[in-house]
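Topology and contacts: notes
Residues per chain are reported as follows:
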Amino acid sequence: MLVGSFSAAFPEGFRPGWRQNGDWTTMPWNTKGGGGGPWGGGGGGPNPWGRGGGFGGNRPPDLEELLRKSQDRFRRAIPGGLGSGKGIALVVAIAFVIWMLTGLYRVQPDEQGVELIFGKWVQTTQPGLNYNLPPPIGSVETPKVTRVNRVEIGFRSNFETGRAAGSRDVPQEGLMLTGDENIIDIQFVIFWVIKDAGEFLFMIRNPEDTVKNAGESAMREIIGKTPFEFARTQGRARIEAEARDLIQSILDQYRAGIEVTQLEMQRVDPPLSVLEAFRDVQAARADKERAVNEAQAYFNEVTQKAEGQAERVVKEAEAYKIEKVAIARGDAQRFLSVYSEYAKAKDITRRRIYLETMELIFRDMNKVLVEGGATQTGTVPYLPLTELLNRAHGLGSGTQQKSSAQAAETETGSGSGQ
């Protein structure tokens, strides 16, 4: 094609040259007769490769001859030249093939290809080499599907506004009503990626606003069913999971082509205008709980002590009962044994019982008995009563010895009188 185009651009018999002073001058080797080439005539003039030809003694190629042969070949292929119908058809065919080849496109690993025909979404292609009709009939969009996007609700980070640190609150998004009719300020972040590039580009108009509105609506619905304290403390993980599932359900209904990967609650507090009062209430509640716990601990201590004492008294009473019953049974058994012996020999048993009883009665009494027959001779017997009493009872006091002696004398006198 290049040769044919070049040949058609010059008329037959044309000799290359340059224009000088308004006239065309032919190249020196194109003149008839002596030149033959830029390095001398054909009869062996000097040339850069030496006498007799170029490399290996051969002459350099003749451009004029090459152009003439190319023109001849092109005329044989297309008798009428490029201006004829066949030439135009060939050029059009070549151009059409080249235009069709421009429809090849490549989708990167982090992208999805969305093929369009006259602006209409036809199909979604995966990473790799693909083909679609070239412009202006077709076009291809390749959005990034692995990039994690974030939507902030209730606040705006300063990296979005260009500042270095801190954030800006958005109360109209974060203030919500809880299930027990309290107002709570919630700030959370939604992380999402593109799940279906075709739906993402053509089923929703503004993805950021769609995700934000769906997230705010889902969070308000869940918080409206949740008590205030549960949302602030132990219910955060459950609220995050429920909100993520509800947002994904809403986006799937819209066919947004978006997948919610994570939801993080940043702050769950009362509104700033009542935050100090809320903290005071929380402190009072903490004091109340502490006082109740202390009172309960004291109650438990006193109750346990009283229960322990009551149990001890009951056990002691039961032990006393068992003891008395056992003693009574022993006495009864002893009495029955004695009675059985008494029934066998009543006089002897009565005498023995009398002696045992008197022994038991006079065991601790300080008395000395003297047989009455000793005083009938008129003599007064001498008895070392003090020594006997001291030996018997180990008394060392003089007063007690005197009292014992007096008691002995009194008993002696009474015995003599008898």
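Please refer to the structure placed before this passage.
Bear in mind the structure is a predicted one, so any value in this text is a computation, not a measurement.

Looking at the packing of helix 6 (residues 207–223) against helix 8 (residues 236–254)
The interhelical angle for the contact between helix 6 and helix 8, taken along N-to-C directions, is 135 degrees, at an axis separation of 9 Å. Classified by the interaxial angle, the pair formed by helix 6 and helix 8 is oblique. When the axes of helix 6 and helix 8 are compared, the crossing they make is right-handed. In this structure, helix 6 uses Thr-210, Val-211, Ala-214, Gly-215, Ala-218, Met-219, Glu-221, Ile-222 and Ile-223 to contact helix 8, whose residues at the interface are Ile-239, Glu-242, Ala-243, Leu-246, Ile-247, Ile-250, Leu-251 and Tyr-254.

With respect to unusual backbone geometry
In the segment running from Pro-135 into Pro-136, the intervening peptide bond is cis, with an omega of 5 degrees. Structurally, Pro-136 can be placed in the loop between strand 6 (128–131) and strand 7 (138–141). With a phi angle near 65 degrees, Glu-181 is a residue other than glycine that sits in the positive phi range. By the element assignment, Glu-181 lies in the loop between strand 11 (175–177) and strand 12 (183–194). For Arg-255, which is not glycine, the phi torsion reads 55 degrees and is therefore positive. In this structure Arg-255 comes out as partly exposed when scored by relative accessible area, which is 41%.

Some details on the packing of helix 9 (residues 275–344) against helix 10 (residues 346–361)
In helix packing, the relevant descriptors are the interaxial angle and the interaxial distance, both defined with respect to the helix axes. Direction vectors running N to C along helix 9 and helix 10 enclose 130 degrees, while the axes themselves pass 6 Å from each other. It follows that helix 9 is oblique to helix 10 by the angle criterion. Mapping the contact onto sequence places Val-338, Glu-341, Tyr-342, Ala-343 and Lys-344 in helix 9 and Lys-346, Thr-349, Arg-350 and Ile-353 in helix 10. Across the contact of helix 9 with helix 10, the residue classes break down as 4 nonpolar, 1 polar and 4 charged.

Quick look at the pairing of strand 5 (residues 120–125)
Note: strand 4 (residues 113–117) against strand 5, 5 bridges, orientation antiparallel. Bridged to Gly-113 within strand 5 is Thr-125. Turn length for the strand 4-strand 5 hairpin, with the two strands adjacent in sequence and antiparallel, is 2 residues, and the turn residue Phe-118 shows positive phi of about 55 degrees.

The rules behind these values
Residues numbered from 1 in each chain as written. Predicted model: local features only at pLDDT ≥ 70, side-chain atom pairs only at ≥ 80, totals over all residues. Heavy atoms only, no water. Axes fitted to C-alpha atoms, helices over the stretch in contact; angles between N-to-C directions. Helix = DSSP H or I, 4+ residues; strand = E, 2+ residues; numbered from the N terminus. Parallel < 35°, antiparallel > 145°, perpendicular 65-115°, else oblique. Left-handed = near helix turned anticlockwise from the far one by under 90°. Contact = heavy atoms within 4.5 Å. Buried < 20%, exposed > 50% of the residue type's maximum accessible area, 1.4 Å probe, protein only. Nonpolar A, V, L, I, M, F, W, Y, C, P; charged D, E, K, R; others polar. Pairing = 2+ DSSP bridges.

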